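Residue-level structural notes
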Amino acid sequence: MAAVDLIIFGASGDLSARKLFPALFQLERLNLLQKDLRIAAVARTKQTLDEFLPVLKGKMASYMGDDAPSDDEWASFTQRFSYVAVNFSEPDEYGELREWLDDERVSLFYFATPPSLFAPICEHLSTTNCLAGDCRIVVEKPIGENLESSINVNEALSRYFDEKAIYRIDHYLGKETVQNLLVLRFANSFINSQWDNTCIDHVQITVGEMVGIEGRWSYYDKVGQLRDMVQNHLMQLMCLVAMEPPNSLEAESIRDEKVKIVRALRRIDSQSVNEKVVRGQYINGWIRGTAVPGYLDEDGCEMDSSDTETYIAIKAHIDNWRWSGVPFYLRTGKRLPEKVTEIVIQYKSLPHNIFGNGANIPNKLVIRLQPNEGIELSMVSKKQSLKERMSLQSHLLDLDFREGSDLDRIPDAYERLFLDAIQGDQSLFVGREEIEESWRWCDQLIEACKEQQVPALPYQAGAWGPAKAEVLIEKDFRSWHV
Ligand code: NDP
């Protein structure tokens, strides 16, 4: 494999300290980084490496806790580092970076910057001859805020980079459990053969956050939960659950199958939006015994009212042979009672019950991304008893990923994604078509909400969204898993 250099734009930012450098450090600790891999931390502040590193070390320690690097580990890790000060908007400031780059090696540019800077950085890298060698870029979400702007961002990137050199992050795809979902589906014959509308009653995907706006009110109020979470994370999870088997693990094969799912998603228009979508906005309440403010009382809010949703539940349908008649219930929100990301596959009840009242308990497969990544299958068995003739009970078959693992912890998604980007494997990164098709679907839904004035209903912080979200699923004689 060619030698790789990693150039992190936005190295002084929150994402870098919280996720990127800790992930790189864990790879270093596991000896998984190439010996000669160099890291350039690029940010605006004019400072030396010796000034940059202690600040980074302090921030990483606060995020990593007991896992933080020891002094020896830190000294060895940071030997790879250089610090380069660049104002990304100023082409005149790229000279030092140009000198640092080595065209004989692969340059992996990681854009941990506001998305508005993606296009200018590409342009300035090009005009200052920083793209002379073999280059790749990694870009963070969001790619646009609607179809039109996502096309603009993608067009800007594609002016300088081939699609095969663009790595769009959706960090959910780097999670162990998500990769395990592919293995579960495509390496287990009994699951694979039961994965369609003949066996599955419905699917639920929940992404619950306990946090509120975290100081980002003015950004968030323009975005809302649909654009922030559904368009990317929930859509990606739905695609992996619903896609047909790809013919290989190559990025192209997987992306082709995922994009077919987004195209098959039934559009939610103004005729159906009231029946299929519930929007919400949190008011003050309690989470785990702590009083928390409502959305309009959060720091940074200067408005008396806002129609932005902090919660959304959607009943979606995939119009294809496999999933005809199987609803996908999606929900995500802020200030919910738990931080949870899970996919629930609810199997159908058996056609006839021979065991008596209450014994027809359908199987349920729960794929949990957080907390406690893992997979559980609920099965029914006979209770061992002489007193009770035939009493049934539900058991959980629990797949513990740690068994047989070469790690004593579940790796963070960014560790996998860094390794793949370094090795040139795009299969866990999102393709252009998927993003644009997803925006097309979301834009139509947003338009329908506007046309029908679907309100953001109040829900108390610490509740599972507005009561109407319960009705959305209960009117179909089903209920949310948690
Ligand atoms: P921050 O605002 O914390 O950091 C932005 C970084 O970009 C800083 O290093 C900042 O440098 C630098 N920067 C901004 N403008 C310029 C400029 N003109 N010239 C040079 N440097 C500049 O943002 P985050 O780290 O939170 O987010 C970065 C990206 O990652 C965003 O696209 C965000 O949406 C995405 N993201 C973030 C997540 C997170 O957990 N934080 C999660 C998922 C995605 P300086 O300090 O000098 O201003």
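Criteria and thresholds
Residues numbered from 1 in each chain as written. Predicted model: local features only at pLDDT ≥ 70, side-chain atom pairs only at ≥ 80, totals over all residues. Heavy atoms only, no water. Salt bridge = Lys/Arg side-chain N within 4 Å of Asp/Glu carboxyl O. Helix = DSSP H or I, 4+ residues; strand = E, 2+ residues; numbered from the N terminus. 1 Å grid on protein atoms, 1.4 Å probe; cavity = no way out; pocket = protein on both sides within 12 Å on 5 of 7 lines; lining within 4 Å. Points joined across faces, edges and corners; volume = space filled by probe spheres on them. Nonpolar A, V, L, I, M, F, W, Y, C, P; charged D, E, K, R; others polar. Domains from an automatic or database assignment. Buried < 20%, exposed > 50% of the residue type's maximum accessible area, 1.4 Å probe, protein only. Contact = heavy atoms within 4.5 Å. Polar contact = N/O pair within 3.5 Å; in protein donor to acceptor, adjacent residues only side chain to side chain. Core = buried A, V, L, I, M, F, W, Y, C linked by side-chain atoms within 4.5 Å. Phe/Tyr/Trp six-rings, centres within 6.5 Å; stacked < 30°, edge-to-face > 60°. Lys NZ or Arg CZ within 6 Å of the ring centre and 35° of its normal.

**With respect to the pattern of salt bridges**
- This model, assessed by the stated rule, comprises 34 salt bridges.
- Across the pair E209 and K334 runs a salt bridge, and its minimum N-O distance is 2.8 Å. Linking E209 in the loop between β7 (200–208) and α9 (217–221) with K334 in the loop between β12 (328–333) and β13 (340–347), this pair joins segments that are 125 residues apart in sequence.
- Here the residues in one salt-bridge network are D5, D36, R38 and R105, joined through shared partners.

**Focus on empty space enclosed by the protein**
- Per the counting criterion, the structure on display carries four cavities of 30 Å³ or more.
- Of all the secondary structure elements, the ones that give two or more residues to the lining of the largest cavity are α10 (224–242) and α14 (432–452).
- Of the residues assigned to the lining of the largest cavity, the class counts are seven nonpolar, six polar and five charged.
- Estimated volume of the second largest cavity: approximately 40 Å³.
- Every residue along the wall of the second largest cavity is listed here: L173, V178, L182, L240, I254, K258, S427 and L428.
- Where the lining of the second largest cavity is concerned, the elements lending two or more residues are α7 (176–186) and α11 (251–264).

**Quick notes on the domain arrangement of the protein chain**
- You can read the domains of the protein chain as domain 1 (4–140) and domain 2 (173–411 + 430–474).
- Between the C-alpha centres of domain 1 and domain 2 the distance comes to 34 Å.

**Description of helix α13 (residues 413–423)**
- Of all 11 residues that make up α13, nine are buried, and the element is covered over most of its length.
- Taken residue by residue, α13 has A413, Y414, E415, L417, F418, L419, D420, A421 and I422 as its buried positions.
- Each element contacted by the buried residues of α13 is listed here: β1 (4–9), α1 (14–29), β4 (106–111), β5 (135–139) and β6 (166–168).
- Sitting at the amino-terminal end of α13 is D412, which places a side-chain oxygen 3.0 Å from the backbone nitrogen of Y414.
- G424, located one to two residues past α13, shows a positive phi value of around 80°.

**Looking at the nonpolar core**
- F9, F21, I314 and F328 are the most contacted members of the largest nonpolar core, which has 132 residues in total.
- Structurally, this core is a two-domain feature, drawing no fewer than three residues from each of domain 1 (4–140) and domain 2 (173–411 + 430–474).
- Judged by nonpolar contacts, the second largest core, of 18 residues, contains V340, Y459, W464 and I473.

**Some points on the packing of aromatic side chains**
- Enumeration over the complete set of coordinates arrives at 19 aromatic pairs.
- For the pair F77 and F81, a centre-to-centre distance of 5.1 Å together with 75° between the ring planes defines the contact as edge-to-face. For the pair F77 and F81, a shared accessibility class is recorded, and that class is buried.
- Aromatic ring contacts, followed pair by pair, group F21, F25, F52, W74, F77, F81 and Y83 into a single cluster.
- The cationic tip of R38 hangs over the ring face of W100; the distance from NZ or CZ to the ring centre is 4.0 Å.

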